[in-house]
Amino acid sequence: VGKKVQAIYLWWHKPVIDKELLQSLPNLKVIANSGVGMDHLDLKLVASFGVKMANAPRAVSSSTADTGMALLLASARRLVEVHNISISASMEYCEADILGVKVAGAALGIIGMGRIGYKIALRAKAFEMNILYHNRTQRKVQEEQAVGATYCKKIDSLLQQADFVMVVVSLTPQTHRLIGKRELELMKPTATLINISRGAVVDQEALVAALQTGVIGSAALDVTSPEPLPRDHPLLKLKNVIITPHLGIKTDKTSYMITEEAVENILAALNGLPLPSEVLPS
């Protein structure tokens, strides 16, 4: 059926798009991805076959922003730890040992102020947080004022000031291990690192060391490298870490919306119309 295939809908990175597959589909016009991240695709290779590509940024942004805030709140109030205490047989604990971090008035540093990053800022404003952000380009003044955000041209300035650092960037060669030993050492010793982008954006070995030695206070990760981590990985043994299995967009309504957005892009490509969410190779 290779000659009949004109579109591919990628669901959780499947099927794998390689040269062999592309060569077997001479009439392929478009690949629509079920999500916003495109790091699993060789964009230049796909484009070389004259195939258009699209993602689903509108569908995923709200759910991903919710996941980021959920991780921030869970880490700040140590929900996993106190849940385990609450269901333990003895229920023995010292109140001083479960003190959390106050969110209202704390500084949230958002690295990557795109569609998702901005929705996180909207949510953080409702929690009365002070918002800093670092981005390739500065947002419009009206957009900054709407969420009370301050632009940090240099990432170092954000890292030094933030109580919570949330990473919301796409994985590219430029952002691979964006947060490494140097960046972690710039953060406050009480700070929390939250990663909802891709695992490879953070140097995990450096993060383990930073968490073990008190360079930073804690981490909340929805993404790791690889996924899942090996069962003996040191990150799984640290009390000051929360790890979720890439929950980002996993809600019932979001899955439906992703499919709708993908179909919209596919139909546009098949009818020779501009793709609403086209992704071009950089």
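Residues numbered from 1 in each chain as written. Predicted model: local features only at pLDDT ≥ 70, side-chain atom pairs only at ≥ 80, totals over all residues. Heavy atoms only, no water.

## Regarding the domain arrangement of the protein
By domain assignment, the protein separates into domain 1 (2–58 + 251–271) and domain 2 (60–243). Contacts between domain 1 and domain 2 engage ten residues on the former and seven residues on the latter. When domain 1 packs against domain 2, close to 720 Å² is buried across both sides, 50% of that on carbon and sulfur atoms. Contact with domain 2 buries area across many residues of domain 1, yet Asp39, Pro57 and Arg58 alone supply 54% of it, more than any other trio. (Domains from an automatic or database assignment. Contact = heavy atoms within 4.5 Å. Buried area = accessible area lost by both parts, 1.4 Å probe.)

## Digging into empty space enclosed by the protein
Tallied over the entire structure, the rule returns one cavity of 30 Å³ or more. Considering the residues around the largest cavity, the lining is formed by Asn195, Gly199, Val202, Gln204, Leu207, Leu221, Val223, Thr224 and Leu235. Of the residues that constitute the lining of the largest cavity, the class distribution is five nonpolar, four polar and no charged. (1 Å grid on protein atoms, 1.4 Å probe; cavity = no way out; pocket = protein on both sides within 12 Å on 5 of 7 lines; lining within 4 Å. Points joined across faces, edges and corners; volume = space filled by probe spheres on them. Nonpolar A, V, L, I, M, F, W, Y, C, P; charged D, E, K, R; others polar.)

## Brief notes about the UniProt feature "domain: D-isomer specific 2-hydroxyacid dehydrogenase NAD-binding" (unreviewed entry) in the protein
Under the present numbering, the feature "domain: D-isomer specific 2-hydroxyacid dehydrogenase NAD-binding" (unreviewed entry) in UniProt falls on residues 69–248. What you have in residues 69–248 is 32% helix and 16% strand, and the ends, taken at the C-alpha atoms, are 11 Å apart. (UniProt positions renumbered as here; feature names shortened; annotations may be inferred. Helix = DSSP H or I, 4+ residues; strand = E, 2+ residues; numbered from the N terminus.)

## What to know about unusual backbone geometry
Both trends apply: most residues other than glycine have a negative phi, and most peptide bonds are in trans. Across the junction of Lys14 and Pro15, the peptide omega takes the value 0°, indicating a cis bond. Tracing the sequence through the fold places Pro15 in the loop between β1 (7–10) and α1 (19–24). Between Ser225 and Pro226 the backbone carries a cis peptide bond, its omega angle lying at 0°. At Met91, a residue that is not glycine, the phi angle is positive and equals roughly 55°. By the secondary structure assignment, Met91 is in the loop between α4 (79–86) and β4 (107–111). Residue Met91 is classed as partly exposed on the basis of its relative accessible area of 39%. A positive phi angle, close to 60°, is found at Glu128, a residue other than glycine. With respect to the helices, strands and loops of the structure, Glu128 is situated in the loop between α5 (115–126) and β5 (130–134). Glu128 sits in the exposed class, given a relative accessible area of 56%. (Buried < 20%, exposed > 50% of the residue type's maximum accessible area, 1.4 Å probe, protein only.)

## Section: the pairing of β5
On a regular strand, each side chain points to the face opposite its neighbour's, so the side chains alternate between the two faces of the sheet. Counting buried positions along β5 gives four out of five residues, so the element sits mostly inside the fold. Bridge count for β4 against β5 is five bridges, and the pairing is parallel. Paired with Ile111 across the two strands is His134, which belongs to β5. Note that the unit made of β4, α5 and β5 has a crossover that is right-handed. As judged from the three bridges shared by β5 and strand β6 (residues 149–151), these two strands associate in the parallel manner. Looking at β6, one finds that Tyr133 is bridged to Tyr151. (Pairing = 2+ DSSP bridges. Right-handed = clockwise from strand over helix to strand, strands pointing away.)

## Thoughts on the sheet that holds strand β3 (residues 52–54)
Read across the sheet, three strands follow the order β1-β2-β3 without closing on themselves; strand pairing throughout is parallel. Sheet topology places β1 and β3 at the edges, where each strand pairs with a single neighbour. Neighbouring strand axes in the sheet, compared pairwise and without regard to direction, differ in orientation by 15° on average. Relative to strand β2 (residues 30–33), β1 runs parallel, the two being bridged by four bridges. When the sheet's bridge partners are listed, Tyr9 is paired in β2 with Ala32. (Axes fitted to C-alpha atoms, helices over the stretch in contact; angles between N-to-C directions.)

## Details of the packing of helix α3 (residues 57–76) against α5
What describes two packed helices is the angle between their axes and the distance between those same axes. Closest axis-to-axis distance for the α3/α5 pair is 8 Å, and the angle between their directions is 45°. Overall, the two elements α3 and α5 adopt an arrangement that is oblique. As for the relative orientation of α3 and α5, their crossing is right-handed in sense. Across from Pro57, Arg58, Ser61, Ser62, Thr64, Ala65, Asp66 and Met69 in α3, the residues of α5 making contact are Arg115, Ile116, Lys119, Ile120, Arg123 and Ala124. (Parallel < 35°, antiparallel > 145°, perpendicular 65-115°, else oblique. Left-handed = near helix turned anticlockwise from the far one by under 90°.)

## Points about the layout of surface pockets
In this approach a probe as big as a water molecule rolls over the atoms, and the regions it shows empty are the leftover space. Empty space within the second largest pocket amounts to approximately 280 Å³. Considering the residues around the second largest pocket, the lining is formed by 19 residues, among which Ser75, Arg78, Glu81, Ser218 and Asn240 are closest to the centre. For the lining of the second largest pocket, the secondary structure elements donating two or more residues are α3, α4, β9 (218–221) and β10 (241–243). A per-class count over the lining of the second largest pocket returns nine nonpolar, seven polar and three charged.

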